[in-house]
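# Observations on the model geometry
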Amino acid sequence: MMRKNLGYIRQQKDISEEKRMKKNVWIAGVTALLSAGLVWIAPVSTLADERIPDGVSVGAVSLSGLTEAEAEKQIESYVNEKLNQDITLVVNGAEAKSDAKTLGVAWDNQDEVAKAVQGTELKGNLVKRYMKKKDLEVNPLKIELDLSVDQDKISSFVSANCDSAVADAVDATITRKNGKFEITPSKEGVTVDMDATKAALNEALNSEDTGAIRVEASVTVDKPKVTEEDLATIKDVLGTFSTSFATSGASRSTNLAVGSGKINGHVLMPGEVLSGYECMHPFTLENGYKTATAYENGRSVDSIGGVCQISTTLYNAALYAELEIIQRQNHSMSVSYVKPSMDAAIAGTYKDLKVKNPYDTPIYIEGYTQGKTLTFTIYGKETRPSNRTLAFESETLQTVPSPTQEIQDPSLPAGKRVKVESGHTGLKSKLYKCVYVDGQLQERTLLNSDTYNASKTVYRVGTGAAETAAPAPTETAAPTETAAPTETEAPAPVETEAPETQAPAETAGLQPGENYGPGMGENAA
């Protein structure tokens, strides 16, 4: 029992000693604060004059000793100076003067600055104020402004004021005149790097200087895609092909000249693709084409013809040049200006001729009409062996005769027969590419396997009253004799053809009834 009491007394004594030590520490802390001059009359949690302590600034403006309202005015005045700065932008050696407002300078972190300033005021109890002041003495707080220009306005300013200092790169060009190539040199381009220039302007704006700003725009030298050296390799004939349009009328002949002229002069760099449709459309009068009359199911219609003969001629030149054929379709019916399976139709966008340059150097496509002949020639750099030659063989596998249809016509006399629509013979065919080396066949490759539809040959057959022959002249006999009456015989049936009208959809003599107008089927032929 005695031991328990002694233990309890010692425990209470230790607790009293601990309390006494804590009290001494608190008294020492207060004494230190008093020694530092921190004496107050008001309650410790309030301060009548709350000001920003030393060590706080925004940009180049010190906020030490200012109230929040005073600091706000100082910052506003400073920002206004920045927003009225004169700016000189130097673009490729040319100077253009502007100002911050013209370039759309905006203050992007206004709210963040306000919150940061509010957090620096000496508020709260004595200890918090003291600790904040001491912290700012060691680590001053500098709040940075975030001013930025508008990139779209920079671009507009450069376009309006620095046009002479910037330019797009210009590719070299090539033309063929009087049998010779002429090359126009390329030019390097200079463009402003808007992202880098914006960053340089923002950096200058956010510096502490409020005077005039001078910034060198970041420019990029753009190399042309096509140079004189590239085009100088175009010298050799890689492939050429011609077709005749000797039976074509004036409108179709015009269309062949207009359409081939739209392809003429095209340069394909390595890997580039040419579309016949994209080069030649729209097939309209406004685009230079002509219309002519063609027969469709016994009716006269206006159409634009010749387009498919252009694509066919180019196709064959491309075969001899050994370009890559990306797209080619045959006509629905055979044409007369090339053998079966050597044609290439164009109809809207679903039938087109597309060829690709497979070489490492550019190629030049020349197309023109001369007399009644259409020619395409493809030039480039010849790399194929001189003892290697090509031939293309068309093989007809099957033919289907044109069926005949007769339409009774009471307006024609009985026995008369008039052709109103010429038909086509249907067939199946193939095209082979043959490669010869020193005259010996080395390869025979199947390129096309096509089917051409047969179409009807249509006649109008007369069912009206039969024509009567004119009475034969009679002789006058002696007065006492009377001539015998003459006989009238119905004329034997005769076959006539309606006069043909040149159809634009005609293929070197397109037959009536074919309709290849744009948007209505295959452009003819």
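Each remark here, short or long, concerns the structure printed above.
This write-up is about the structure you can find in this document. Keep in mind the model is a prediction, meaning the values are calculated, not measured.

## Describing the sheet that holds strand 22 (residues 388–400)
Strands sit in the order 22-25-26 across an open sheet of three strands; the sheet is antiparallel. Single-partner strands in this sheet number two, and they are strand 22 and strand 26 (440–452). This sheet shows a mean twist of 20 degrees between the axes of neighbouring strands, independent of strand direction. Here strand 25 (residues 426–437) runs beside strand 26; their pairing, made up of 11 bridges, is antiparallel. Opposite V437, over in strand 26, you have Q440 as the bridge partner. Across the sheet, helix 10 (residues 307–321) is in contact with strand 22, strand 25 and strand 26; its angle to strand 22 comes to roughly 135 degrees.

## Observations regarding the nonpolar core
Ranked by internal contacts, the top residues of the largest apolar core, which has 42 residues, are I263 and M280. Elements supplying a minimum of two residues to this core: strand 13 (236–244), helix 8 (250–263), helix 9 (276–280), helix 10, strand 20 (363–370), strand 21 (373–380), strand 22 and strand 25. The greatest single-element share of this core, amounting to nine residues, is contributed by helix 10. For M280, the residues in contact, after removing those within four places along its chain, are G259, K262, I263, N287, Y289, V307, I310 and I346. Listed in part, the 37 residues of the second largest apolar core include V61, V105, F157 and A204.

## Observations concerning the sheet that holds strand 11 (residues 213–216)
Hydrogen bonds along the backbone pair up the strands of a sheet, which may run parallel or antiparallel. The mixed open sheet is built from three strands, whose spatial order is 4-3-11. Because the sheet does not close on itself, it has two edges, and the strands there are strand 4 (94–99) and strand 11. Within the sheet, the average angular offset between the axes of one strand and its neighbour, ignoring direction, is 20 degrees. The sheet contact formed by strand 3 (residues 86–91) and strand 4 spans six bridges and is antiparallel. Pairing of T88 across the sheet is with K97, part of strand 4.

## A word on the side chain of N287
Structurally, the position occupied by N287 is in the loop between helix 9 and strand 16 (292–296). At 3.1 Å, the side chain of N287 and the side chain of K262 are in polar contact. The contacts of N287, once residues within four sequence positions are left out, are V258, K262, M280, H281 and P282.

Cut-offs and rules
Residues numbered from 1 in each chain as written. Predicted model: local features only at pLDDT ≥ 70, side-chain atom pairs only at ≥ 80, totals over all residues. Heavy atoms only, no water. Pairing = 2+ DSSP bridges. Helix = DSSP H or I, 4+ residues; strand = E, 2+ residues; numbered from the N terminus. Axes fitted to C-alpha atoms, helices over the stretch in contact; angles between N-to-C directions. Contact = heavy atoms within 4.5 Å. Core = buried A, V, L, I, M, F, W, Y, C linked by side-chain atoms within 4.5 Å. Buried < 20%, exposed > 50% of the residue type's maximum accessible area, 1.4 Å probe, protein only. Polar contact = N/O pair within 3.5 Å; in protein donor to acceptor, adjacent residues only side chain to side chain.

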